Amino acid sequence: MRPSCPSGYTARIPTVKPKPALYLVATPIGNLADITLRALEILAGADILASEDTRVTRVLLERYAIRRNPVIYHEHNAQEAGMRLLNALQSGKSVALVSDAGTPLISDPGFKLVKKARKADIPIVPIPGPSAVITALIPTGLPTDSFFFCGFLAVRQVARRKRLEILKTIDSTLIFYESPHRVSRTLVDMAEIFGANRPAALCRELTKTFESVYTSTLSALSAAYNKESHPRGEIVLVVGPAEDNIPTCNIEATDRMLLDLIQNMSTAEAVRKVAQMTGQKKKVLYTRVIELKAQQHNEI
């Protein structure tokens with residue numbers, strides 16, 4: 001999940017050389033102000049900074065006036081770049097590893113380097129911070145006492161549905177990463193396999209300006225986000241354990257849903273979809289849309 005840059009804050013981070021170790025540094029998933037002071041110190045002071053995409057990492061570094069030249073470590077060069085980093089670690093260097101955004105090793109190849117470093121008795125130091133998994137889970141109202149991170153599902157439908165058939169037996173809240181271009185098809189499969197009334201949430205653009213968390217049932221979410229109106233931005237799907245109680249959206253969430261949908265469809269169609277998702281009356285939702293449009297007009 002690529003971060004965006006907040007305004008109004010600048011700082012110079014003192015360079016403190018950390019002890020030789022592999023540092024797994026969590027970075028913001030959206031709002032760059034979410035970085036920790038400890039993370040910034042490690043990014044500034046480590047002998048080597050390895051990142052999944054140096055262009056993304058430089059945005060963060062420039063925001064905090066950290067002058068570094070990151071080296072690339074990603075899925076396609078993990079073998080070669082991993083050996084270079086391992087050699088540096090064995091020679092007594094400190095290495096900071098970051099992903100594009102969030103906590104390293106979560107759906108990225110960093111675990112390969114950590115596995116090799118462990119075998120070589122190299123110290124591994126996690127620098128905790130933002131994670132899209134936890135950020136998506138906590139505002140949904142779905143159970144948090146037991147949850148299972150499922151990562152990305154397969155692109156091909158047969159493999160995706162096979163995986164969902166296995167996951168449906170897990171009695172915990174399920175968390176998925178998904179592409180906005182595939183989310184409509186994924187929701188259809190989930191509604192069919194997990195059950196139409198299974199509670200779920202679609203979390204979009206977390207920590208960014210247009211962050212939204214829509215809670216309803218899988219069937220309602222599937223109806224709202226069909227192939228013609230797929231959501232934009234980074235998506236996390238959270239699916240609760242099967243239960244009879246269907247969560248309802250609060251006023252703020254309903255407003256965000258209406259404003260989001262009327263950008264890509266008629267008012268009547270947006271009202272119909274939100275009514276399906278929330279169980280609210282169309283007449284009430286239509287009146288609310290008119291109020292929201294008037295508010296937008298007055299703000300111009």
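Just so you know, these numbers come straight off a predicted model, no measurement behind them. (Residues numbered from 1 in each chain as written. Predicted model: local features only at pLDDT ≥ 70, side-chain atom pairs only at ≥ 80, totals over all residues. Heavy atoms only, no water.)

Student: I keep staring at the packing of helix α9 (residues 251-261) against helix α10 (residues 267-278) and nothing clicks. Help me out?
Tutor: For any two helices packed against each other, one specifies the crossing angle of their axes together with the interaxial distance. Look at α9 against α10: their axes get within 9 Å of each other, and the N-to-C directions meet at 145°. Seen along the crossing, α9 lies across α10 with a hand that is right-handed. Every residue of α10 that contacts α9 at Thr254, Met257, Leu258 and Leu261 is listed here: Ala270, Lys273, Val274, Met277 and Thr278. Split by residue class, the contact of α9 with α10 holds 6 nonpolar, 2 polar and 1 charged. (Axes fitted to C-alpha atoms, helices over the stretch in contact; angles between N-to-C directions. Helix = DSSP H or I, 4+ residues; strand = E, 2+ residues; numbered from the N terminus. Left-handed = near helix turned anticlockwise from the far one by under 90°. Contact = heavy atoms within 4.5 Å. Nonpolar A, V, L, I, M, F, W, Y, C, P; charged D, E, K, R; others polar.)

Student: What is the right way to look at the sheet that holds strand β10 (residues 235-239) in this model?
Tutor: Strand pairing in a sheet takes place through backbone hydrogen bonds and is either antiparallel or parallel in direction. Pairing in this open sheet of 5 strands is mixed, and the strands run β6-β7-β10-β8-β9 from one edge to the other. Edge positions in the sheet fall to β6 (147-152) and β9 (212-217), since each of these pairs with one other strand and no more. Within the sheet, the average angular offset between the axes of one strand and its neighbour, ignoring direction, is 20°. Across 5 bridges, β6 lies against strand β7 (residues 173-178) in parallel orientation. In the strand pairing of β7, Phe148 is matched with Leu174. Along the sheet, helix α7 (residues 183-194) makes contact with β7, β8 (199-204) and β10, crossing β10 at roughly 5°. (Pairing = 2+ DSSP bridges.)

Student: Is there a simple way to explain the sheet that holds strand β2 (residues 48-51) in this structure?
Tutor: Read from one edge of the open sheet, 5 strands run β3-β2-β4-β1-β5, paired in parallel fashion. Either end of the sheet is taken by a strand with one partner, and the two such strands are β3 (71-72) and β5 (124-127). Across 2 bridges, the pairing between β2 and β3 is parallel. Paired with Ala50 across the bridge in β3 is Val71. Taken strand by strand, helix α1 (residues 37-45) contacts β1 (22-25), β2, β4 (95-98) and β5, and its axis lies near 130° from that of β5. Across the sheet, helix α3 (residues 78-90) lies against β1, β2, β3 and β4, angled at about 155° from β2, the strand it touches most.

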